[in-house]
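# Fold and contact review
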Amino acid sequence: MKKTMLKLKFKITAVMMSALMAFSALSLSSGVAFAAEGKGSADSVIPGPAYDIGLLLMENFVPGGSVIGPGIDIIVKSFDDGGPSLADISDQINELRQEISNQFADIKKQMADYKQEIEDKIVDQTVIAQKGAGFDALLTALQITDRQIKAITDDTSITDNEKAVEIAMLIGRNDQWTLDNNLYFKYQSFMNTLASPSFADQKNRDLYQVVYDDFKSQSMFSGEALNLSRPYIERVILLGMYAYSINAECLNAAKRVSEFTPEDVAGLNEDEQYNYKNVKSLTSVVDAEITAMNDRMFNVNEDDTVATHLNNYDTMNRRVYLNCGTTSVELPETIRVGNLEDVTDQGTYATVYDILFNGFLSHDDLAKIADHVRSVYPGTSLRDFLTDMGFNMADVPQDAFLPLADPEVYYSEGFIYGGGIGMKLYYDVKDVSIDDTNVATSTEKCFIYAGYPDGHGEIEQLATGHVITFSNPQSSK
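Residues numbered from 1 in each chain as written. Predicted model: local features only at pLDDT ≥ 70, side-chain atom pairs only at ≥ 80, totals over all residues. Heavy atoms only, no water.

The topology assignment puts Ser 66 in helix α3 (residues 65–77). Along the chain, Ser 66 and Leu 96 lie 30 residues apart, while their C-alpha atoms are 9.7 Å from each other. (Helix = DSSP H or I, 4+ residues; strand = E, 2+ residues; numbered from the N terminus.)

Structure below.
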């Protein structure tokens, strides 16, 4: 089952609201990446396999990643000699920006369908609100710069080298990259939020953990908290990829300018020669910054990078039983199954009895899970829900039932045996079928226990079907 199939009915937290405000005004222009004339450096700044893994992770994570990922990749490859042509870059970047714009528009539309209720319930509320404001400011700066890049690249009155100078000026010389009002500084600050081990948080959690934790109180399992927090993380990563693409274009231009020959400089018009003197950085400094920028965003072999923190979030165990934030128990993926048709066999009966009476999660827990699925995900069966939470339901028979209470005696009768009186006890149990999309409770007749006058007892089959429960954490059986 796809994660998106569940019909979610949840409250939007203040985390989600701050994100919504940060992205509500989004309207991306179609920028064009730049490859100027001039000679390239001999040293490659294209990152290696760790970058490829990190970019693929983001490509698979964000909506529209199949377009956005290759667009980012072509920007990176444009840093080196022998990279893609200006026309190729322009086409790819236009497609990249348009796809990001489309995805943000879709997310905004989806959010409008949900009831927006702000819940102030996490320690970091003020911090998150501040970060939301910071994201909004970064987005505004990126949109302005995006439009400026497009205006420069569309200007037919200046040469490619003059365009490189103009674009490089958008972030300035390297000694200006640490100024508060500089776009590249704002980008670096944003990367610190996405890649830092602590999100200015009293509990020393990163951004991803803070957002995930905020949804635990609405979730029976960790998979739900991951589903609910994912749209916010997707938006943040999309913003990160957008910010990366804009700043990479500016550093690309700065690198080209740093490699100008005397002949290139002489070919600039008077204004751009003046600008060149004020914007030129050393090639080695620009190359080092490009490498650092790529590593901070994509390197999965380092601890404090966006890719590493995102991977830690994306690979979290979905089978942690949370009970709406009141506990945290990792459960095995295997579901225990007992066959009621074989309860006359003592070994099988022991399994069925253990599942019915001694499951790891209490019957109250199981009833809460059923109630939760029924109310929060209408039209979704327990099988689909538990599959989405990461449990292996492939070998669980159709219409197996989950017991919601201890079996109870609903009828008893005496019988004569060998001159004595025995007693038959008929048991049933409140249950729910895992394949019922209404998650309706019913009563299942389970088995008959026959107690004989000589003191021994036997189990007699009463019903067919299978009973299930969760495996113990220390066991996969």
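From this point on, the discussion continues.
On to the packing of helix α7 (residues 183–195) against helix α9 (residues 222–258). Across the interface, α7 lies against α9 with an axial gap of 10 Å and an inter-helix angle of 145°. Relative to α9, the crossing made by α7 is left-handed. Listed contacts from α9 to Leu 183, Tyr 184, Tyr 187, Phe 190, Met 191 and Leu 194 of α7 are Val 236, Leu 239, Gly 240, Ala 243, Tyr 244, Ile 246, Asn 247 and Leu 251. (Axes fitted to C-alpha atoms, helices over the stretch in contact; angles between N-to-C directions. Left-handed = near helix turned anticlockwise from the far one by under 90°. Contact = heavy atoms within 4.5 Å.)

Okay, the pairing of strand β5 (residues 408–417) next. In this sheet, strand β6 (residues 420–433) lies alongside β5 in antiparallel orientation, the contact comprising 9 bridges. Residue pairing across strands places Phe 415 opposite Gly 422, the latter belonging to β6. (Pairing = 2+ DSSP bridges.)

Let's shift gears to the packing of aromatic side chains. Two aromatic rings, taken as a pair, are described by how far apart their centres are and by the angle between their planes. Applying the stated rule across the entire model yields 19 aromatic pairs. On the numbers, 6.3 Å between centres and 40° between planes, the contact of Tyr 208 with Tyr 313 is tilted. On the criterion of sequence distance, the pair formed by Tyr 208 in helix α8 (residues 207–214) and Tyr 313 in helix α13 (residues 306–314) is long-range, its members being 105 residues apart. Pair check on accessibility: Tyr 208 and Tyr 313 agree, each one buried. If you follow Arg 230 out to its NZ or CZ, it ends over the ring of Phe 61, 4.0 Å from the centre. Over the face of the ring belonging to Phe 415 we find Lys 424, whose NZ or CZ atom lies 5.9 Å from the ring centre. (Phe/Tyr/Trp six-rings, centres within 6.5 Å; stacked < 30°, edge-to-face > 60°. Buried < 20%, exposed > 50% of the residue type's maximum accessible area, 1.4 Å probe, protein only. Lys NZ or Arg CZ within 6 Å of the ring centre and 35° of its normal.)

With that settled, consider the pattern of salt bridges. Tallying each qualifying case throughout the model produces 12 salt bridges. Two residues, Asp 213 and Arg 205, come together in a salt bridge whose shortest N-O distance is 2.7 Å. Under the relative-accessibility criterion, Asp 213 is labelled buried at 18%. Given the relative accessible area of 12%, Arg 205 is considered buried. Between Asp 213 and Lys 216 there is a salt bridge, and its shortest N-O distance comes to 3.7 Å. Exposure remark for Lys 216: the relative accessible area of 22% places this residue in the partly exposed category. Where salt bridges share partners, they join Arg 205, Asp 213 and Lys 216 into one cluster. (Salt bridge = Lys/Arg side-chain N within 4 Å of Asp/Glu carboxyl O.)

What follows concerns the confidence of the model for the protein. Regions with low pLDDT carry predicted coordinates that are not meant to be interpreted in detail. Put simply, the protein has an average pLDDT of 79, and 78% of its residues get 70 or more. Confidence over residues 1–44 falls short of pLDDT 50; this stretch has 154 contacts with residues more than four positions distant or in other chains. Per-residue pLDDT stays below 50 along residues 111–127; that stretch engages in 44 contacts with residues further than four places along the chain or on separate chains. (pLDDT = per-residue confidence, 0-100.)

Turning our attention to the environment of Phe 415. Tracing the sequence through the fold places Phe 415 in strand β5. In the structure, Phe 415 is positioned 36 residues away from Gly 451 in sequence and 9.5 Å away in space, judged by C-alpha atoms.

Now for helix α2 (residues 49–61). Structural remark: α-helix, 3.6 residues per turn; residues separated by three or four positions point the same way. Counted at 1.5 Å a residue, the expected span for α2 with its 13 residues is 18 Å, and the 18 Å between its end C-alpha atoms agrees. Every buried residue of α2 is accounted for by Ala 50, Tyr 51, Gly 54, Leu 55, Leu 57, Met 58 and Phe 61. Viewed end-on, α2 has its buried residues packed into an arc of 150°, placing them on one side of the element. When the buried face of α2 is taken as reference, the exposed residues oriented beyond 90 degrees from it are Pro 49 and Asn 60. The inward-facing, buried residues of α2 abut α3, α9, α12 (283–298) and α13. (Expected span 1.5 Å × (residues − 1). Arc of directions from axis to C-beta.)

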